[in-house]
Amino acid sequence: MDLATKEFYDDFWPRFVPIYDETKKYMLETLTERQIGRALDAGCGHGICSVILSEMAEQVVSVDVSSDSLATARQQAQRFGRDNIEFHHQDLQELDTNLGPFDLVWCWGVAMMAPDPMKVMRNLMAVTKPGGTVYLGLYLKTWLSPVHEGVRHFCRAYMDTPARRKLVGGFFTGLTKVACVLKGQEINRRADNVSIQAQVEDWYYPPYKTFYSIEEIIALFERNGFKAECIQDRLGRMKSATIFVIRATKNA
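Quick summary incoming for the structure in this document. (Residues numbered from 1 in each chain as written. Predicted model: local features only at pLDDT ≥ 70, side-chain atom pairs only at ≥ 80, totals over all residues. Heavy atoms only, no water.)

1. Quick look at the overall build of the protein chain
And step 1. From N to C terminus, the protein chain includes 9 helices and 8 strands.
And step 2. Looking at the protein chain residue by residue over its 252 residues, the buried ones come to 54%. (Helix = DSSP H or I, 4+ residues; strand = E, 2+ residues; numbered from the N terminus. Buried < 20%, exposed > 50% of the residue type's maximum accessible area, 1.4 Å probe, protein only.)

2. Things to note about the pairing of strand E3 (residues 85-89)
And step 1. In terms of strand pairing, strand E2 (residues 57-64) meets E3 through 5 bridges, oriented parallel. Looking at the pairing, Val60 lines up with Ile85 of E3.
And step 2. Chirality of the crossover, the property in question, places the unit of E2, helix H4 (residues 67-79) and E3 among those that are right-handed. (Pairing = 2+ DSSP bridges. Right-handed = clockwise from strand over helix to strand, strands pointing away.)

3. Side note on the pattern of salt bridges
And step 1. Inspection of every chain in the model, using the stated rule, returns 10 salt bridges.
And step 2. Among the salt bridges present, the one from Asp11 reaches Arg15, with a minimum N-O distance of 2.8 Å.
And step 3. The class of Asp11 is partly exposed, set by a relative accessible area of 37%.
And step 4. A salt bridge links Lys141 to Glu216; its shortest N-O distance comes to 3.5 Å. Here Glu216 lies in helix H9 (residues 214-223) and Lys141 lies in the loop between strand E5 (128-140) and helix H6 (145-158), a separation of 75 residues in the sequence. (Salt bridge = Lys/Arg side-chain N within 4 Å of Asp/Glu carboxyl O.)

4. Some thoughts on the side chain of Ser50
And step 1. Relative to the helices and strands, Ser50 is located in helix H3 (residues 48-54).
And step 2. Here Ser62 takes part through its side chain, which lies 2.7 Å from a polar atom of the side chain of Ser50.
And step 3. Setting aside residues no more than four positions away along its own chain, Ser50 makes contact with Asp41, Cys44, Val60, Ser62 and Ile85. (Polar contact = N/O pair within 3.5 Å; in protein donor to acceptor, adjacent residues only side chain to side chain. Contact = heavy atoms within 4.5 Å.)

5. Observations regarding H9
And step 1. For H9, every residue scored as buried is listed here: Ile214, Ile217, Ile218, Leu220 and Phe221. Each buried residue of H9 lies within a common arc of 155° when the element is viewed along its axis, so the set occupies one face. Turned more than 90 degrees off the buried face of H9, the exposed positions are Glu215 and Arg223.
And step 2. One or two steps after H9, the chain reaches Gly225, where phi turns positive at roughly 85°. (Arc of directions from axis to C-beta.)

6. Some words on the nonpolar core
And step 1. The biggest cluster of nonpolar side chains holds 53 residues, and the ones touching the most others in it are Leu40, Met121, Leu136, Leu138, Ile217, Phe221 and Ile246.
And step 2. Shared between two domains, this core holds at least three residues of each, these being domain 1 (3-141 + 211-250) and domain 2 (144-205).
And step 3. Dropping the residues within four chain positions of it, Leu136 is found in contact with Cys107, Ala111, Met121, Leu124, Ile217, Phe221, Phe244, Val245 and Ile246.
And step 4. Formed by 23 residues, the second largest nonpolar core is a distinct cluster that contains Cys49, Ile52, Ile85 and Leu104. (Core = buried A, V, L, I, M, F, W, Y, C linked by side-chain atoms within 4.5 Å. Domains from an automatic or database assignment.)

7. Points about the environment of Gly37
And step 1. Inspection of the secondary structure puts Gly37 in strand E1 (residues 36-42).
And step 2. Measuring from C-alpha to C-alpha, the distance between Gly37 and Phe102 comes to 7.7 Å, with 65 residues separating the pair along the chain.
And step 3. Ignoring anything within four residues of it in the chain, the contact list for Gly37 reads Ala57, Glu58, Gln59 and Asp103.

8. Side note on the packing of aromatic side chains
And step 1. Per the stated rule, a full pass over the model turns up 16 aromatic pairs.
And step 2. Between Tyr9 and Trp13, the ring centres sit 6.2 Å apart and the planes meet at 20°, which makes this aromatic pair stacked. The two residues Tyr9 and Trp13 agree in class, both being buried.
And step 3. Arranged with centres 6.5 Å apart and planes meeting at 65°, the rings of Tyr26 and Trp106 form a pair that is edge-to-face. One end of the pair, Tyr26, is in helix H2 (residues 20-30); the other, Trp106, is in strand E4 (residues 102-108), and 80 residues separate them in sequence.
And step 4. Residue classification places Trp106 among the buried residues on the basis of a relative accessible area of 2%.
And step 5. Following the ring pairs from residue to residue traces out a cluster consisting of Phe8, Tyr9, Phe12, Trp13 and Phe16.
And step 6. The ring of Tyr205 has Arg165 lying over it, and the distance from NZ or CZ to the ring centre is 4.4 Å.
And step 7. Residue placement shows Lys209 over the ring face of Trp203; its charged tip is 3.7 Å from the ring centre. (Phe/Tyr/Trp six-rings, centres within 6.5 Å; stacked < 30°, edge-to-face > 60°. Lys NZ or Arg CZ within 6 Å of the ring centre and 35° of its normal.)

9. Section: the packing of helix H1 (residues 3-12) against H4
And step 1. Between H1 and H4, the shortest axis-to-axis distance is 7 Å and the interhelical angle comes to 40°. With respect to their mutual orientation, H1 and H4 come out oblique. When H1 is examined against H4, the residues Lys6, Tyr9 and Asp10 are found in contact with a partner set consisting of Ser67, Asp68 and Ser69.
And step 2. Across the contact of H1 with H4, the residue classes break down as 1 nonpolar, 2 polar and 3 charged. (Axes fitted to C-alpha atoms, helices over the stretch in contact; angles between N-to-C directions. Parallel < 35°, antiparallel > 145°, perpendicular 65-115°, else oblique. Nonpolar A, V, L, I, M, F, W, Y, C, P; charged D, E, K, R; others polar.)

The following block contains the structure:
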């Protein structure tokens, strides 16, 4: 089991549960399906996505490497009165394929945080039933990705205490506010996020992070019997630090 990632998200998600309404708005804009049989929330974290999927699916299976995140996710299921979600403490790199097959797999911003993202993606493909669909959000590789990685390694090595994390968060909050003023924007955080501090910690402090091009992920799915397309490009505020989303349907 990936203990480094477990430890990070044991601390992170219980403190930074996203906003339900904004998360639901985004998911409904992303998903074409409105009635789903079995759905997998692969790396459920806070559990809000699991709750939203459970409103459309007959059954949701939610998997995460972090036990404290799973506890938070169970609290969200109870909070919203959702009883068609089952939770499993598993590393997606070692996903039990007997949990499948699934009509829909949702893995948003998770696979690239594992030590071996390709193993995660292959497991997601394996548990998708013929005709089923995978929604996969990954960090986009740009010419500035090595710079972001350099900052992340510096933060983890030298600024990894609660006080120093707040200092880093304050610095990037200031930069983001300036950028918002210059662009004429009124908010300086992602709509579903509870704070800029959450965004900063999720970007600069995870133990692993891998960046990909859209073309290589589409090719990966197509080699494995899927029809894939990029449905969302450059979701982040900065073009150099952003997520893209692939929708891939398994050939029947």
